Each structure stands twice: as structure tokens, then as C-alpha cells.
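Structure at a glance
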Amino acid sequence: MTKFLAVGAILAASLTAPQMAAAQSETVKQIEERGTLLCSGHNGSYFGFVEVNDNNEWKGLDIDLCRALTTAILGDPDKNKIVPLSWAQRFPALQSGDVDVIIKATGWTMGRDTEQGLQFSLPYFFGGAQLMAHGDLGVTDASGLAGGTICVEAGTTIERLVANYLQTENIEHSMVSYESAAELRSAYLANRCDAFAAWGPFLAVLRATEIDNPEAHVILGDQLSAEPIAAAMRQGDEGFVDVVNWMLAALLIAEEEGITAANVEDMAATPPNPRVARLLGVEPGMGERLGMRDTWAREMIAAVGNFGEIYDRNLGKDSPYKLERGLNNLWSHGGVLYAPILD
């Protein structure tokens, strides 16, 4: 009798496990009840990632990822509210519920992971901190900045990374922090500091497009960090972390499979393989296991495209910045981005 009871318990557990896996995230429930996803913006423009265009509309890679998540959850890329935040404001805003998720060029660090009550998604971008200096200083690396002044934006990992790096290299310096990227940029261009510390991709975009005489400024060769960029969420809702992770994974899988905004419906009509059938909801399960619609990924790709389309539109060949993908390409194209297995 005991043996049969044990077998029955195992069978019961196996039957209830899928139902537990399909339980809807509390954060997703709140977003659905509100009818709006609250997403992080920036207090100004962080070029290529979070910026405002001439029509006062938000755009950028991070904004498009917010639109992708909005479509996945609510079925409409425009059902979001972008909340302008400084770097220092972003985590308090998340913890207070002023935003549901931080998608804002945010580095995944141990301190944030363990001390600030945050959980992080899969990395969706890789970049490191670097320094840009006035060319007339004749500086080629950080050692040439000894005794100089370095400007940095307050509330970022860059501030600590620069301080740690220069201390390790025994380079004496003064550091001045600014609350916004616009203030920092103005201070540097007004020669109130010798160098400008920021994320390498941001410096490249800024130098190429926002400085009148880019040849008069040099990005130094020192690579201060190699930082994984990820979405940040409050701890305690693993289901929401799953949704964000599979939103990112679906965009990468779509790029790997050649699924675009233009052909997604054709791909759904005649899937070329089982992986595409699962991704686009032709084969049931893609939504049920997340407590969502089976067609969420198909709707999302139709609205924003795959990851490559998002990158090219905001940072790459179809943008003003023409930033090469480098590490941020698919693993099959020489980069480090990959999706977990869709089984």
C-alpha cells in the first residue's frame, strides 16, 4: 500500500508541476491590471540607448526592448509609460514601484545583485568603461592624466571603476561628478575637466555625432572594465524574471532563425522547423509556461523586429552612429550573445 501511495504522490507532483510553472507573475498581473508597463527612461539623452527624437518621442535600443516587453505582456508596443530617471534615481524608483523594470544600460554587479534587492536578466549588451581626453593634451593612455581632472556622471558604476583603476595604477587625479549626462558633456567641452569617463560605446557615439570637432578628442586605449548590461528587476518575482529573460531570448532566437518584422507572419504560416513553430506559438507551450499567450513572441517580433533589427535601427548600420556590433553580435557571427535552449 505504501508503494502505491508513493507512486501516486509522484504522479500527482508530475501533474501539478506544469500548473505551478504556468502561474502568472505578480508583476505581470499588476501590469495587466494597470494596462501599462512602467519603464525607465533617462533625464536627457543617452545616445543610441535612451533618447528623445525631434518629435519629442522616446527612441533607442533600451526603449525598443521596453516596447518589446510591453508587447509580450500587453500585446501593444505603445502601452507603456517611460519614466525619466537619472542614474542615481533608477534603483530607488524600481524599489518604490515607480517603474516595473530598469532597461537603461545598467551593469550587472555583485553589489547590486546582493545588496540592493535586485535581480538581473540575461545580458543583452557588453561594453566597458573608457576615458576620452582633449587631444591637445597629447595623452594616449590614463597615465598621461596624472594630476588632471576627470568628469564622471554620478550614480554609475563608471565612477567607482575609474577611481579603482586610477588608484591601482597610482595615478593622482581629481574627480568631479555631475548629475546628468548633459551637464557632464557641457563641463568637458568647456574644458572644466581634462577627461570624460563613460561607457565606451556611449563615448564613441558622442564623439562621432555630437562633438563639432571629433578629431580634437581621443578615446584612450585603457579598457577599465568589460561590463555585462542587463535588465534589472525587484527580487521576489521569479516569474517576471522568466518573462524578461525569454523576451530577450526570443529576440535573439528570431535573429538566429531569420525571423523579421516583415516575414514573421509567413514564418508562422509555414514554420521551417520545430524551434520556429514553438517560438511563434504555432506549437502550443510558449505562453502557457510563462502564464501568457502562446502568440506573445510572434506579436512582439511583428512590432519591433528581432534583436539584430533593433540593434541596427538604434546603434548600427541604419542609425546615425554606425556602431559595429563586435561582441554584441550573435555567437555564430563572432559575438557573445546567445539564447538559452527553447525546448
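In the block above lies the structure referred to throughout.
Overview of the structure.

How each quantity is defined
- Residues numbered from 1 in each chain as written.
- Predicted model: local features only at pLDDT ≥ 70, side-chain atom pairs only at ≥ 80, totals over all residues.
- Heavy atoms only, no water.
- Core = buried A, V, L, I, M, F, W, Y, C linked by side-chain atoms within 4.5 Å.
- Buried < 20%, exposed > 50% of the residue type's maximum accessible area, 1.4 Å probe, protein only.
- Helix = DSSP H or I, 4+ residues; strand = E, 2+ residues; numbered from the N terminus.
- Contact = heavy atoms within 4.5 Å.
- Phe/Tyr/Trp six-rings, centres within 6.5 Å; stacked < 30°, edge-to-face > 60°.
- Lys NZ or Arg CZ within 6 Å of the ring centre and 35° of its normal.
- Disulfide = S-S within 2.5 Å.

Quick look at the nonpolar core
Counting 79 residues, the largest nonpolar core has Leu279 and Trp296 as its most contacted members. For this core, the element with the highest residue contribution is helix α9 (residues 238–257), accounting for 12 residues. With near-sequence residues (within four places) excluded, Trp296 lies in contact with Ala72, Trp246, Met247, Ala250, Met286, Gly287 and Leu290. Membership of the second largest hydrophobic core comes to 16 residues, among which are Leu131, Ala142, Ile150 and Leu220.

Here's the deal with the packing of aromatic side chains
Enumeration over the complete set of coordinates arrives at 12 aromatic pairs. Between Tyr46 and Phe49, the aromatic rings sit 6.0 Å apart at their centres with planes inclined by 50°, giving tilted as the arrangement. Ring centres of Trp108 and Phe120 lie 5.8 Å apart, and the angle between their planes is 15°; on these two criteria the pair is classed as stacked. Of the two residues, Trp108 sits in the loop between α4 (90–96) and α5 (110–115) while Phe120 sits in strand β5 (residues 118–120), which places them 12 residues apart along the sequence. In textbook terms, an aromatic cluster arises when at least three aromatic residues are bridged by ring pairs, as seen for Tyr46, Phe47, Phe49, Trp87, Phe125, Tyr188, Phe196, Trp199, Phe202 and Tyr311. Its guanidinium or amino end placed over the ring of Trp87, Lys104 lies 4.2 Å from that ring's centre, counting from NZ or CZ. Taking NZ or CZ as reference, Arg325 lies 5.3 Å from the ring centre of Tyr311, over its face.

Details of the state of the cysteines
Going through the model one piece at a time under the given rule, you end up with one disulfide. Note that Cys151 is cross-linked by a disulfide to Cys193, the S-S spacing being 2.0 Å. Taking the sign of the torsion about the S-S bond as the criterion, the disulfide between Cys151 and Cys193, at about -115°, is left-handed. Of the two residues, Cys151 is situated in strand β8 (residues 148–153) and Cys193 in the loop between α7 (181–189) and β10 (195–199); the sequence distance between them amounts to 42 residues. The same class applies to Cys151 and to Cys193, which are both buried.

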